[in-house]
Amino acid sequence: KGPIEFLVGSLRMVGAKVNKKYAYKMGDWIGDLGQSLYNPPSVFGWDEGLPWVSTSGMLARAEVAHRVADARDKKAPLKYKPDKLMGKKGDWQDMDAPAVVDRILSRLAVEEPAASTRTALEDYVRADSMGLPQTITVDKDFIDRKVRGLIALIMSSPEFQLS
């Protein structure tokens with residue numbers, strides 16, 4: 001994905017609304033990803049595909065993924081409600097780690113992650129603040145902490161970058 005597709009697609013997938021007062025930050029984020037809006041490197045525009053894959057590019061994408069996942073206060077350039085990604089509140093009580101991971105993978109249009117990616121995501125969802133496995137209870141606090149983190153991890157994954 002090119003930087004614009006990465007950011008704008010992500011915002012659409014999580015249902016984010018851009019705060020008009022801070023909308024200029026979206027241009028800054030695109031610049032952080034290596035693409036200067038309205039300033040292509042040549043008359044042919046920007047390269048597509050693998051030219052966007054680099055060490056610094058992947059680190060920048062991870063940082064932007066974190067910004068998207070963490071958008072929650074009034075001064076954030078965007079805002080969304082991760083609980084809306086989780087479906088009906090009545091269904092939360094029956095969710096385990098694989099179900100939570102499946103729900104967010106689906107919302108972010110990642111169809112078949114590698115087994116190692118899926119295992120890492122499920123381990124993250126199950127881990128407490130010390131990294132030890134725990135039984136999960138899906139509630140607003142869990143969603144605010146774990147689902148936002150899960151969104152950032154998935155957006156940083158190779159599967160999301162290439163889907």
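Reference entry: report on the structure contained in this document. Note that the structure is predicted; figures quoted are calculated from it, not measured.

Scoring rules and cut-offs
Residues numbered from 1 in each chain as written. Predicted model: local features only at pLDDT ≥ 70, side-chain atom pairs only at ≥ 80, totals over all residues. Heavy atoms only, no water. Helix = DSSP H or I, 4+ residues; strand = E, 2+ residues; numbered from the N terminus. Rg over C-alpha atoms; globule rule 2.2 N^0.38 Å. Buried < 20%, exposed > 50% of the residue type's maximum accessible area, 1.4 Å probe, protein only. Contact = heavy atoms within 4.5 Å. Areas by Shrake-Rupley, 256 points an atom, 1.4 Å probe, with all protein chains shown as cover. Phe/Tyr/Trp six-rings, centres within 6.5 Å; stacked < 30°, edge-to-face > 60°. Lys NZ or Arg CZ within 6 Å of the ring centre and 35° of its normal. Axes fitted to C-alpha atoms, helices over the stretch in contact; angles between N-to-C directions. Left-handed = near helix turned anticlockwise from the far one by under 90°. Core = buried A, V, L, I, M, F, W, Y, C linked by side-chain atoms within 4.5 Å. Patch = residues over 30% accessible without salt bridge, like charges linked within 9 Å, V, L, I, M, F, W, Y side chains within 5 Å. Salt bridge = Lys/Arg side-chain N within 4 Å of Asp/Glu carboxyl O. Lys, Arg positive; Asp, Glu negative; His and termini not counted. Charge placed at Lys NZ, Arg CZ, Asp CG, Glu CD.

Within the protein, the secondary structure is distributed over eight helices and two strands. Mapped in sequence order, the helices and strands of the protein form the string α-β-α-α-β-α-α-α-α-α. Computed over the C-alpha atoms, the radius of gyration of the protein is 16 Å, within 12% of the 15 Å expected from 2.2 N^0.38 for a compact globule of 163 residues. In terms of overall dimensions, the protein has C-alpha extents of about 55 × 35 × 25 Å along its principal axes. In the protein, buried positions account for 40% of the 163 residues. Of all intrachain contacts in the protein linking residues separated by at least 6 positions in sequence, the fraction that spans at least 24 positions is 69%. Taken as a whole, the protein presents about 9,700 Å² of accessible surface, with 55% of it coming from carbon and sulfur.

Let us now look at the packing of aromatic side chains. All told, the structure shown has one aromatic pair when counted by the stated rule. Lying across the ring of phenylalanine 160, lysine 1 places its NZ or CZ 3.4 Å from the centre. Note that lysine 146 overlies the ring of tyrosine 124, its terminal NZ or CZ placed 4.0 Å from the centroid.

On to the packing of helix α5 (residues 97-107) against helix α6 (residues 115-126), then. Each packed pair of helices is defined by two parameters, the angle between the axes and the distance between the axes. One way to put it is that α5 packs onto α6 with a least axis distance of 9 Å and a crossing angle of 120°. Where α5 crosses over α6, the handedness of that crossing is right-handed. Where α5 approaches α6, its residues Ala97, Pro98, Val100, Val101, Asp102 and Leu105 are matched on the opposing element by Arg118, Leu121, Glu122, Val125 and Arg126.

With a phi angle near 60°, alanine 109 is a residue other than glycine that sits in the positive phi range. By secondary structure assignment, the location of alanine 109 is in the loop between α5 and α6.

Among the nonpolar cores identified, the biggest contains 42 residues, and Met86, Val100, Ile104, Val138, Ile151 and Ile154 are the most heavily contacted of them. Elements with a minimum of two residues in this core: α1 (3-14), α2 (24-32), α3 (55-70), α5, α6 and α7 (140-155). Residue contributions to this core peak at eight residues, all from α7. Setting aside chain neighbours within four positions, we find valine 138 in contact with Met86, Trp92, Met95, Val100 and Ile143.

Glancing now at a positive patch on the surface. Taken together, the side chains of Lys17, Lys74, Lys79, Lys81 and Lys84 present a region of like positive charge at the surface. In this structure, lysine 84 sits in helix α4 (residues 82-85). For lysine 84, a relative accessible area of 61% corresponds to the exposed category.

Just geometry here; none of it tells us what the structure is for.
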